[in-house]
Amino acid sequence: MKKKSRRPIVAGNWKMNLLPSQVRPFGEELMALAAGFHRQEAVVCVPFVMLPAALKVFEGSDISVGAQNVSENPRGAFTGEVCADQLRDLGVKYVIIGHSERRTLFDEDDIRINTKVRLALDAGLHVIICVGETAEQRNMDVTFEVIMLQVKSALYGLDGDALKRVVFAYEPVWAIGTGVTATSDQAEEVCSFIRGVVRAKFGARVANGLRILYGGSVTPENADDFFLMPDIDGALIGGASLDPHKFFSILEESENNED
Ligand code: PEP
């Protein structure tokens, strides 16, 4: 499958930034900029409390709404948690799972991440699974071992059909929020490796249809370098996604990622 048959996707991760009252002005500005951009998929992943406002402002538009986390439990006495069925019932389409901040700050290991992925997919959500090595792991030359473990564990127990709702984001931990990006060659090397791991487990058809993003200090200035690479189908963006103009510029760049 040619790259151009995979729909580019640019997802913004607001993390714990902005306020509920800022969702509407942000959304209106982004929609005004992005009117007419249909080929790329834009996703805005906001904090839980902002999901209703985001769903309302983007209703009827091409911009999808995502959450940044989901419970590893299906329902019940888990004070403060939000489960996959609740996200789906609200109308949320995507959820980010396994972001490095969740892995490092909230002790999410590969087993918990796999549980979340399975629950989210069972609920009908689409998932953006983040994988990436730390600087120490890259220096120790174990990047590919780390990525292989993260990818295989995240997908444990799934069938090829479920992968239609899976997007991977390769986010080297050392590039997140640091202003230091991977080179486009480094990012392509790992994204192509991820596709290879998926190919070995699920076959060429599934692997060729899988969308893989790069994330880590992507800006309007550097986005194009990544989008030109054959195995990179878009970006997961933190800091630059908080400004509708920067987010839109990156979305615009992703149009150029055709073979
Ligand atoms: C992220 O948090 O997923 C991310 C890539 O952040 P930033 O773009 O700010 O590096």
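Residues numbered from 1 in each chain as written. Predicted model: local features only at pLDDT ≥ 70, side-chain atom pairs only at ≥ 80, totals over all residues. Heavy atoms only, no water.

1. Some remarks on the overall build of the protein
Phase 1: Secondary structure assignment for the protein yields 11 helices and 8 strands.
Phase 2: Compactness check: the protein gives a C-alpha radius of gyration of 17 Å against a globular reference of 18 Å for 259 residues, within 12% of the reference.
Phase 3: Its C-alpha atoms give the protein principal-axis dimensions of roughly 45 × 45 × 35 Å.
Phase 4: A sequence separation of at least 24 residues applies to 74% of the contacts in the protein between residues at least 6 apart.
Phase 5: Carbon and sulfur atoms make up 52% of the accessible area of the protein, which amounts to about 11,500 Å² in all. (Helix = DSSP H or I, 4+ residues; strand = E, 2+ residues; numbered from the N terminus. Rg over C-alpha atoms; globule rule 2.2 N^0.38 Å. Contact = heavy atoms within 4.5 Å. Areas by Shrake-Rupley, 256 points an atom, 1.4 Å probe, with all protein chains shown as cover.)

2. Some remarks on the packing of aromatic side chains
Phase 1: The full count for this structure, using the stated rule, is 4 aromatic pairs.
Phase 2: With centroids separated by 4.9 Å and ring planes inclined at 70°, the aromatic side chains of phenylalanine 144 and phenylalanine 193 adopt a geometry described as edge-to-face. One end of the pair, phenylalanine 144, is in helix H7 (residues 143-154); the other, phenylalanine 193, is in helix H8 (residues 184-202), with 49 residues separating them in the sequence.
Phase 3: Note on phenylalanine 193: relative accessible area 22%, which makes it partly exposed.
Phase 4: With a centroid separation of 4.2 Å and an interplanar angle of 15°, the aromatic rings of tyrosine 214 and phenylalanine 226 are classed as stacked. One end of the pair, tyrosine 214, is in strand E7 (residues 211-215); the other, phenylalanine 226, is in helix H10 (residues 223-227), and 12 residues separate them in sequence.
Phase 5: Overall, phenylalanine 226 belongs to the buried group, its relative accessible area being 3%.
Phase 6: Each residue in the set Tyr170, Tyr214 and Phe226 is aromatic and connected to the rest through ring pairs, giving one cluster.
Phase 7: Just above the ring of phenylalanine 106 sits the side chain of arginine 102; from NZ or CZ to the centre is 4.0 Å. (Phe/Tyr/Trp six-rings, centres within 6.5 Å; stacked < 30°, edge-to-face > 60°. Buried < 20%, exposed > 50% of the residue type's maximum accessible area, 1.4 Å probe, protein only. Lys NZ or Arg CZ within 6 Å of the ring centre and 35° of its normal.)

3. Remarks on the site of the ligand
Phase 1: Around the ligand, 14 residues are found, and the nearest of them are Lys15, Glu171, Gly177, Ser217 and Gly238.
Phase 2: Taking serine 217, its main chain carries an N or O atom lying 2.7 Å from an oxygen atom of the ligand.
Phase 3: One can see that the ligand is located within the second largest pocket.
Phase 4: For the shell around the ligand, the per-class residue count stands at 4 nonpolar, 8 polar and 2 charged. (Near = heavy atom within 4 Å. Polar contact = N/O pair within 3.5 Å; in protein donor to acceptor, adjacent residues only side chain to side chain. 1 Å grid on protein atoms, 1.4 Å probe; cavity = no way out; pocket = protein on both sides within 12 Å on 5 of 7 lines; lining within 4 Å. Sits in = over half its atoms within 2 Å of the grid points. Nonpolar A, V, L, I, M, F, W, Y, C, P; charged D, E, K, R; others polar.)

4. A look at the pairing of strand E1 (residues 9-13)
Phase 1: The buried fraction of E1 amounts to 5 of the 5 residues, a majority that puts the element mostly inside the structure.
Phase 2: By the alternation rule, side chains of E1 split into Ile9, Ala11 and Asn13 and Val10 and Gly12, which are all buried.
Phase 3: Relative to strand E2 (residues 41-45), E1 runs parallel, the two being bridged by 5 bridges. Paired with glycine 12 across the strands is valine 44, a residue of E2.
Phase 4: Viewed along the sheet, the connection from E1 through helix H1 (residues 20-34) into E2 turns out right-handed. (Pairing = 2+ DSSP bridges. Right-handed = clockwise from strand over helix to strand, strands pointing away.)

5. Re the pattern of salt bridges
Phase 1: For the structure on display, the rule yields 14 salt bridges.
Phase 2: Linking glutamate 133 and arginine 138 is a salt bridge whose minimum nitrogen-to-oxygen distance equals 2.7 Å.
Phase 3: The residue aspartate 231 makes a salt bridge to arginine 195 at a minimum N-O spacing of 2.5 Å. Taken together, the residues aspartate 231 in the loop between H10 and strand E8 (234-237) and arginine 195 in helix H8 connect sequence positions 36 residues apart. (Salt bridge = Lys/Arg side-chain N within 4 Å of Asp/Glu carboxyl O.)

6. Notes on the nonpolar core
Phase 1: Core analysis: the largest hydrophobic core is formed by 72 residues, its most contacted members being Leu155, Phe168 and Val198.
Phase 2: Examining the composition of this core, we find that 7 residues originate from one element, H8, more than from any other.
Phase 3: Membership of the second largest hydrophobic core comes to 12 residues, among which are Val43, Ile96, Ile128 and Cys130. (Core = buried A, V, L, I, M, F, W, Y, C linked by side-chain atoms within 4.5 Å.)

7. Points about the sheet that holds E2
Phase 1: Strand order in this closed barrel of 8 strands is E1-E2-E3-E4-E5-E6-E7-E8, and the pairing throughout is parallel. Direction aside, the axes of adjacent strands within the sheet are offset by 25° on average.
Phase 2: In the packing of helix H2 (residues 51-58) onto the sheet, contacts are made with E2 and strand E3 (63-67), and the angle to E3 comes to roughly 170°.
Phase 3: Each of strand E5 (126-131), strand E6 (166-170) and E7 is contacted by H8, which is oriented at about 145° to E6, the strand it contacts most. (Axes fitted to C-alpha atoms, helices over the stretch in contact; angles between N-to-C directions.)

8. Overview of H2
Along an α-helix, residues three or four positions apart point the same way, because every turn accommodates 3.6 residues.
Phase 1: Among all positions of H2, only Leu51, Ala54, Leu55, Val57 and Phe58 are buried.
Phase 2: After H2 finishes, the residue glycine 60 shows a positive phi value of roughly 80°.

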